[in-house]
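Summary of structural features
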Amino acid sequence: MSVLFDEAQLQIADEAQRLLTAHYSGERLKTYLLERGTFDRELWALFGAQGWTAICYPEAFGGLDLGLLELGLIAEACGAAVTGVAALTSSFALGQALMHFGTDEQQSHWLPRLSAGSAIGAIAFAEGQDMLPGAPTLRIEGGRLSGMKPAVTAGGIADAVIVLAQSENGPVLALVDLAQPGVTRSLLDTFDNSRCTADLTFDDVEARELPGATDALAGAREILRLQAVIVSFEQVGGAQKMLTTARDYALTRRAFGQPIGAFQSVKHRIAEDYVLVELARANAIHAASRAGQSDFGLYAAAARISATEAYDGVSRDAVQVHGGIGVTWEADLHLHQRRARTLSVETGPLVFWEDDVITQLQGTAQ
Amino acid sequence: MTDLTAYRNAARAWIESRVAEFGRDARRGLSPAEDLELGRRYLRAKYEAGYSGISWPKENGGQGLSPTEKLTFDREEILHGFPTEYFSISLGMPVPIMLRYLPDGWKQERAIAALRGDEIWCQLFSEPAAGSDLAALRTRAIQDPDTGDWVLNGQKLWTSWAHLADYGVIVARSDPGVAKHRGLTYFWVDMKAPGVTVRPVTLAAGDAHVNEVYFDDVRIPDAQRLGPVGGGFGVAMETLIIERYSATDPAANGPSIARAIADATRMTRDGRALIEDGRVRERIARNFATQAALAAIHRRALLSLEAGTQPGSEGAIHKLVSVRNRQRLSEFMIDIQGVSGVQWNEQATRKDDWATSWLTAPTGRIAGGADEMLLNTIAERILGLPQDHRPDKGVPFNEIPG
């Protein structure tokens, strides 16, 4: 895959930006922020109608058979619009898990529905502070699952979830259809309620192991890395939007007889932010281009670190550049602040990805 | 296999065949004079192998290929620490600008001599009061109305390799009565001419590759002028952008990330490997992520060049970020050595020693455009933010309060 975009890719990006700008506004997201566990169904329908949900699936399952870079460009546009749809990346992660490790039956049942956007997926690996617990508390025995997974992104709306659970033979990945008795969703109050985050409790429910994931922890890590690359694009989109917003404001707002962007304290802050965005963008594109290669994990982690630093850093600075207006509910900056921190945590905090980089570097050094 | 891949493979094979004779290990323990001589020998070998002036026209001793081939070769070359630094300024800017402005004949001879390492050119721009503000320079060039010769008086500073140089290009003030950008004229000068004095300036880490250069009534004929009288600032700007994009090292000539990992794995604290310490992991991992991004930006710029478009901000981003990144990591790697961290081997290079890397890093953040200037460039040219307030704008140079 080239790291220079071709015509078709640029068209995907332009179209996504155009549609999201037309159908989306900060006002809309603010209504979701006020209510726990909300989800923008109308927007999700647009994703399906546009084929954005189908990007990474093979044609046999109704997909478009495109790659990480194309989905990344959609995610970038979503990041810029700070959309309320967590399912873009959560469904992607479930789909990837099934494609990598699922049975033919699991694939033919779920992938066409995920591809069409008529089903929503989620992943639930983490427990507390462990992104990938070596001994999960969730128990699976004889195809029955019991226990709880905390703060599952899109957990309040998902139709199916992949869990990391403890079997008698060690950790396994298992697929759970959430439309069955014994599943309880407890919606959580979060600082970004549109993510529809929920604790999922399982009381002796049916669950099917993914037979391909012979090393469940390694498999879960691989899925997380794929998801991290797409989320990195989303973070880059958000960071770029905050950069542009800060730049535009610095050109408009005047103080002491000149635009505030003429003060080096302000213009250098914005220039530094430009650099953060460009570094993050370069890493995201490079990671996407390495999918399937032996060094993919290393560059996925690098992308994740740069993207997290960029989105948090640039949105923080954008608020600062705006001064008083920047901290109001009315200005949309807090939407990005919330989203930046949410994306950082959901897909694994910096300490997790830093450890991942070091472990991989140690491996390549030996 | 693409043509470029074939080119890269051939270049790599040639470069690797020269490592034993000219590489980092071969240079260890040489005196400065011996190292320079080794450098001249390397340039001759490179010239004869057809890897000199890769993107220069053939009539100037070059190969007539594109910047992509040049970058491809340079990228392989920088891995081995060959003694090329003495010639980097010379071949980077002064010789190419001389080739553009002077009449045919003599200039071809000079270009080939420079490519072969037989002659070296320097670039006399900065002065004690004119660094980032280049147009503020004070070295005077006064034309003798009878002969048309110019007489140079003044001082230049931070001139790399002036002590080795045979020739130099220089910007001087020919008219102090007009706005500062308009009163400058550009010349070439024989560095062995009467009245030229070169004094090395020793830098913080003990190395002395930069100099102050004094001009006392140095006479040069008008034929040594490049560009029009009063047009020197334009020629200087043209000189500075000749190297539009160059090969990069994400570690900014400091020790590699692999070296940091190896050192932190070997060192222990309270019986535990330092690499197990979260603070160490964080610093190295974040540094790696930044270096990975710089490498990715560089690869993308190469592809843009191949596709026929000019790179944009890549060079500025690289210079700004890579040296700062190196400075921070070097500082930290000294830190985690504990009390042993103060040790310093003056013979070590910045590529293989954290202390030397740290001591020399500030130079990289100042020379060739200070961080603050690069931030201004990004802010003004790319983001469209306003220029800094410049009270000297439009004021005749001799009326600007000193």
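Residues numbered from 1 in each chain as written. Chains lettered and ligands numbered in written order. Predicted model: local features only at pLDDT ≥ 70, side-chain atom pairs only at ≥ 80, totals over all residues. Heavy atoms only, no water.

An unreviewed UniProt entry lists chain B under the name Acyl-CoA dehydrogenase, with Sphingopyxis macrogoltabida as the source organism. What UniProt states about chain B under its Sequence similarities (unreviewed entry) heading is, verbatim, "Belongs to the acyl-CoA dehydrogenase family." According to the UniProt record, the Cofactor (unreviewed entry) comment for chain B is "FAD". (UniProt positions renumbered as here; feature names shortened; annotations may be inferred.)

Chain A is annotated in an unreviewed UniProt entry as Acyl-CoA dehydrogenase of Sphingopyxis macrogoltabida. Under the Sequence similarities (unreviewed entry) heading, UniProt states for chain A: "Belongs to the acyl-CoA dehydrogenase family."

1. Let's talk about the overall build of chain A
For chain A, the count of helices and strands is 11 helices and 10 strands. Viewed in the frame of its principal axes, chain A has a C-alpha envelope of about 75 × 50 × 40 Å. Per-residue burial for chain A yields a buried fraction of 60% across its 366 residues. Long-range contacts, defined here as pairs at least 24 residues apart, represent 75% of the contacts in chain A between residues at least 6 apart. (Helix = DSSP H or I, 4+ residues; strand = E, 2+ residues; numbered from the N terminus. Buried < 20%, exposed > 50% of the residue type's maximum accessible area, 1.4 Å probe, protein only. Contact = heavy atoms within 4.5 Å.)

2. Description of the side chain of aspartate 263 of chain B
Residue and element names in this part refer to chain B. With respect to the element layout, aspartate 263 can be found in helix H9 (residues 257-266). When its relative accessible area of 7% is taken as the criterion, aspartate 263 is described as buried. Those residues in contact with aspartate 263, other than ones at most four positions away along the chain, are Met333 and Trp354.

3. Some details on the UniProt feature "domain: Acyl-CoA dehydrogenase/oxidase C-terminal" (unreviewed entry) in chain B
With numbering aligned to this structure, UniProt lists the feature "domain: Acyl-CoA dehydrogenase/oxidase C-terminal" (unreviewed entry) at residues 230-383 of chain B. Helix makes up 62% of residues 230-383 of chain B and strand 3%. Its end C-alpha atoms lie 31 Å apart.

4. What to know about the interface of chain A and chain B
At the junction of the two partners, chain A supplies 38 residues and chain B supplies 41 residues. In total, about 3300 Å² of surface goes out of reach between chain A and chain B, with carbon and sulfur atoms giving 69% of it. In terms of surface lost to chain B, no three residues of chain A exceed Lys267, Tyr274 and Ile358 of chain A, which account for 17% of the buried area on that side. Taken together, chain A and chain B are joined by six salt bridges. (Buried area = accessible area lost by both parts, 1.4 Å probe. Salt bridge = Lys/Arg side-chain N within 4 Å of Asp/Glu carboxyl O.)

5. Description of helix H7 (residues 106-115) of chain B
Residue and element names in this part refer to chain B. Among the 10 residues that make up H7, seven are buried, leaving the element largely enclosed by the rest of the structure. For H7, the full list of buried residues reads Lys107, Gln108, Arg110, Ala111, Ala113, Ala114 and Leu115. Buried residues belonging to H7 abut helix H3 (32-49), helix H5 (85-92), helix H6 (94-101), strand E1 (121-124) and strand E4 (167-173). Looking one or two residues beyond H7, the residue adopting positive phi is glycine 117, at roughly 80°.

6. Some remarks on the pairing of strand E5 (residues 170-177) of chain A
Residue and element names in this part refer to chain A. When you tally the buried positions in E5, you get six out of eight residues, the bulk of the element. With eight bridges joining them, strand E4 (residues 160-167) and E5 adopt antiparallel strand pairing. Within the sheet, the bridge partner assigned to leucine 164 lies in E5 and is leucine 173. Hairpin connection from E4 to E5: two residues lie between these consecutive antiparallel strands. With two bridges joining them, E5 and strand E8 (residues 208-209) adopt antiparallel strand pairing. Within the sheet, the bridge partner assigned to leucine 175 lies in E8 and is arginine 208. (Pairing = 2+ DSSP bridges.)

7. Focus: the UniProt feature "domain: Acyl-CoA dehydrogenase/oxidase N-terminal" (unreviewed entry) in chain A
As annotated by UniProt and renumbered to match this structure, "domain: Acyl-CoA dehydrogenase/oxidase N-terminal" (unreviewed entry) occupies residues 7-117 of chain A. Helix and strand shares over residues 7-117 of chain A are 69% and 0% respectively, and the end C-alpha atoms of the span are 26 Å apart.

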